[in-house]
Amino acid sequence: MHRLLENPIVADLVRMIVYGGLILVGILLTVLVMILWLRKYLGYIQNRYGPNRTGPRGYLQTAADALKLLLKEDIIPTLADRKAFILAPSIVFLPAYLVYVVIPFGPRWVAADLNIGILFISAVTSVAVIGFVTAGWASNNKYALLGGLRSAAQIVSYEVPLVLAMLAPVILAGSLRLSDITLHQQNVWYVFITPVLAAAYLTAGLAEVNLTPFDMVEAESELVAGFNTEYSGMKFALFYLAEFANTFTIAAIGVSLYLGGWTVPFAAPANAWILNAGALGSLVAFLIFMTKCWVIVTFTMWIRGTLPRIRVDQLMEFGWKALIPLTLLSLLLNALAVSLPMRPAFQMAGLAAVNWAILIGLYVVGRHKIVPMGSARPKESVSAAIPQRSRI
Amino acid sequence: MLQYLREAGYSLLSIGRGLKVTRANRRRRPVTLLYPEQRPSLAPRFRGLPEVDLNICIVCHLCEKACPTQCIHIEDILNAPVKGEAGAAETKPGKKKEAVVFNINAALCMFCGLCEESCPTKPVRSIVLNHGFEVAKYRRDDLVYGIDGLYVNAPANPPVEK
């Protein structure tokens, strides 16, 4: 047995199976907790309790739901394209699963620390679109098809700003490897240096995983349920799982790229301790990473409980006319800053100054209530035109 | 261009304002009433199931006529036996009407309160829409309340604060 493990191929195989299993179990547990937390959180926002009947304080609700979905009859419509119909949920789920391979949960806790980490992520996540379109097409249902096509349009168009926003840390760190990018943020997180791009990343990420301001794919009030209308039982559960796993994935990538991964901000000694403390340090790092992820996930839920869904044309307009130019310009700024003949600290400081100046400028300019572009006359003049009765 | 930037800034700020609103509500207590455990505190004039006090009722049929859904059904005997002065055993026909059948079909009742308004007995009305609101039954027949089933002189459901 020992000698067998020394064989590099066998060792790799064992590592693959163990890491794969760990990540899969981790995703399943995370999603279970996430669904419950989403329902509780939305409940609190809406002044209600959320699920509170199953188990102590409703904590077993998602487990019960999952069990129910497992036991349900798995219906495949007669006229559906059987093979594609069965394949689609897996295609949607797979990218969310694969991304975790390159995410550094701790100093040494990476399943495979690829030197092309970001490229791998952007390549793998774009596969999910195929799953959505396949599901919509295979269902042989017009609402499902509409949902699938919408999702294709949306995800393909938001892929561009998402990847552009993911490139900024690459430029700043000079590496595509995620653990390098994390280590580069030991002193200052990139969110403080390029807040504009971080915001763009979050926005494009929300659109990429079909979260609420951009959840055109399953616009219940317009399409029945979108691409998964005809799905039931375990296949539907897989779509649901993929949706939440994708949300967590976006949060995890964002944390690695902009929120410093497992590092503590402005505390170099703490980071040094984590790096040198071995397994315990890695565990602490993992907990820090997970906490950050959960904060981001909760923030997306907060947005979900706040913002209404935007229209399809607005979605496209925002993506192509606002987000892509914004990310392109910010990226240009990043590249300029890095190419300046100065010490890296000064480059970063200059970039941060410009970024914060943009944000503060937007705040100053947009602080007061303004008249919408379309309206002909400002409101004050209308009210001034009406004669005042009380004067008589 | 400036207008564009202003709108961009304003919309960003309004996202922040919206987030503030939801955060404020997130900190507020849920308004949900955990019903079977917590009972609602009903308003004094809450209109629940009609209740009849047959001791005051003069069997005038006015409520039966007033009912828009005909959920009240009354049958009476005119010459109800009245106790004589001599003793309980001796009875003679009197003028007082007495209800033999007084059915209220809760399935038909729409809790409008017209029966209560039409009731002539003073100072207390003999048919009153009281606080009974848990009217669900397993069988349709159980929803018809007869003489013995009416909540005669039943106290109002004691309201429990949540």
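Residues numbered from 1 in each chain as written. Chains lettered and ligands numbered in written order. Predicted model: local features only at pLDDT ≥ 70, side-chain atom pairs only at ≥ 80, totals over all residues.

From N to C terminus, chain A includes 16 helices and zero strands. Its C-alpha atoms give chain A a radius of gyration of 24 Å, within 12% of the compact-globule value 21 Å for 392 residues. With the C-alpha coordinates of chain A rotated into their principal frame, the extents come out at 100 × 65 × 40 Å. A burial count over chain A gives 41% of its 392 residues as buried. (Helix = DSSP H or I, 4+ residues; strand = E, 2+ residues; numbered from the N terminus. Rg over C-alpha atoms; globule rule 2.2 N^0.38 Å. Buried ≥ 20, exposed ≤ 12 C-beta atoms within 10 Å, placed from the backbone.)

What follows deals with the overall build of chain B. Of regular secondary structure, chain B possesses three helices and seven strands. Across chain B, helices and strands are ordered from the amino to the carboxyl terminus as α-β-α-β-β-β-β-α-β-β. Classification of the 162 residues of chain B by burial places 15% in the buried group. Sequence separation of 24 or more characterises 72% of the internal contacts of chain B that already satisfy a separation of 6 or more. (Contact = placed C-beta atoms within 7 Å.)

All names here are of chain A. Running from N to C, helix α2 (residues 8–45) and helix α3 (residues 61–71) cross one another at 115°; their axes reach a closest spacing of 8 Å. Every pair of crossing elements has a handedness; the one defined by α2 and α3 is right-handed. Here Leu32, Ile35 and Leu36 of α2 come into contact with α3, specifically with Gln61, Thr62, Ala63 and Ala66. Broken down by class, the residue content of the contact of α2 with α3 amounts to five nonpolar, two polar and no charged. (Axes fitted to C-alpha atoms, helices over the stretch in contact; angles between N-to-C directions. Left-handed = near helix turned anticlockwise from the far one by under 90°. Nonpolar A, V, L, I, M, F, W, Y, C, P; charged D, E, K, R; others polar.)

Residues and elements named next belong to chain B. Ordered in space as β2-β5-β7, the three strands form an open sheet in which the pairing is antiparallel. Each of the sheet's edge strands pairs with one partner strand only, and the pair in question is β2 (72–77) and β7 (144–145). Taken together, the six bridges between β2 and strand β5 (residues 98–105) define a ladder with antiparallel strand orientation. Residue pairing across strands places Ile77 opposite Glu98, the latter belonging to β5. (Pairing = 2+ DSSP bridges.)

This brings us to the packing of helix α4 (residues 82–98) of chain A against helix α6 (residues 128–138) of chain A. If you want to describe how two helices pack, look at the angle between their axes and the distance between the axes. Residue and element names in this part refer to chain A. Closest axis-to-axis distance for the α4/α6 pair is 8 Å, and the angle between their directions is 155°. Between α4 and α6, the crossing angle belongs to the class labelled roughly antiparallel. For the pair α4 and α6, the sense of crossing is left-handed. In this structure, α4 uses Ala84, Phe85, Leu87, Ala88, Ile91, Val92 and Pro95 to contact α6, whose residues at the interface are Ala128, Ile130, Gly131, Phe132, Thr134, Ala135, Trp137 and Ala138. Tallied by class, the residues present in the contact of α4 with α6 amount to 13 nonpolar, two polar and no charged. (Parallel < 35°, antiparallel > 145°, perpendicular 65-115°, else oblique.)

The next subject is the environment of Val188(A). Locating Val188(A) in the fold gives a position in the loop between α8 (178–184) and α9 (190–193). When the C-alpha atoms of Val188(A) and Leu259(A) are compared, they prove to be 9.0 Å apart, with 71 residues separating the residues in sequence.

All names here are of chain B. Chain-level statistics for chain B give a pLDDT mean of 78 and a share of 80% at 70 or above. A low-confidence stretch, residues 152–162 (pLDDT under 50), is modelled with 19 contacts involving residues beyond four sequence positions or located in other chains. Prediction confidence for the complex, expressed as pTM and ipTM, is 0.79 and 0.72 respectively. (pLDDT = per-residue confidence, 0-100.)

Right, let's talk about unusual backbone geometry for a bit. Residue Pro123(B) is reached from Lys122(B) by a cis peptide bond, and omega for that bond is -5°. Tracing the backbone shows Pro123(B) in the loop between α3 (114–118) and β6 (127–129). In this structure, Asn47(A) takes a positive phi of about 60° despite not being glycine. For Asn47(A), a count of 13 C-beta atoms within 10 Å corresponds to the partly exposed category.

Interface extent is often summarised as the accessible area lost during association of the parts. Across the contact, 16 residues belong to chain A and 19 residues belong to chain B. Secondary structure elements with two or more residues in the side of chain A that touches chain B: α2 and α15 (344–366) of chain A. With four residues, the single largest contributor to the side of chain A that touches chain B is α15(A). Counted by class, the side of chain A that touches chain B contains ten nonpolar, four polar and two charged residues.

In this section: the nonpolar core. Ala165(A), Tyr201(A) and Ala245(A) are the most contacted members of the largest nonpolar core, which totals 94 residues. Apart from the residues lying within four places of it in its own chain, the contact partners of Tyr201(A) are Leu162(A), Ala165(A), Met166(A), Gly254(A) and Tyr258(A). In terms of nonpolar packing, the next biggest core, distinct from the first, is built from 17 residues, Val52(B), Val59(B), Ile74(B) and Tyr145(B) among them. (Core = buried A, V, L, I, M, F, W, Y, C linked by C-beta atoms within 7 Å.)

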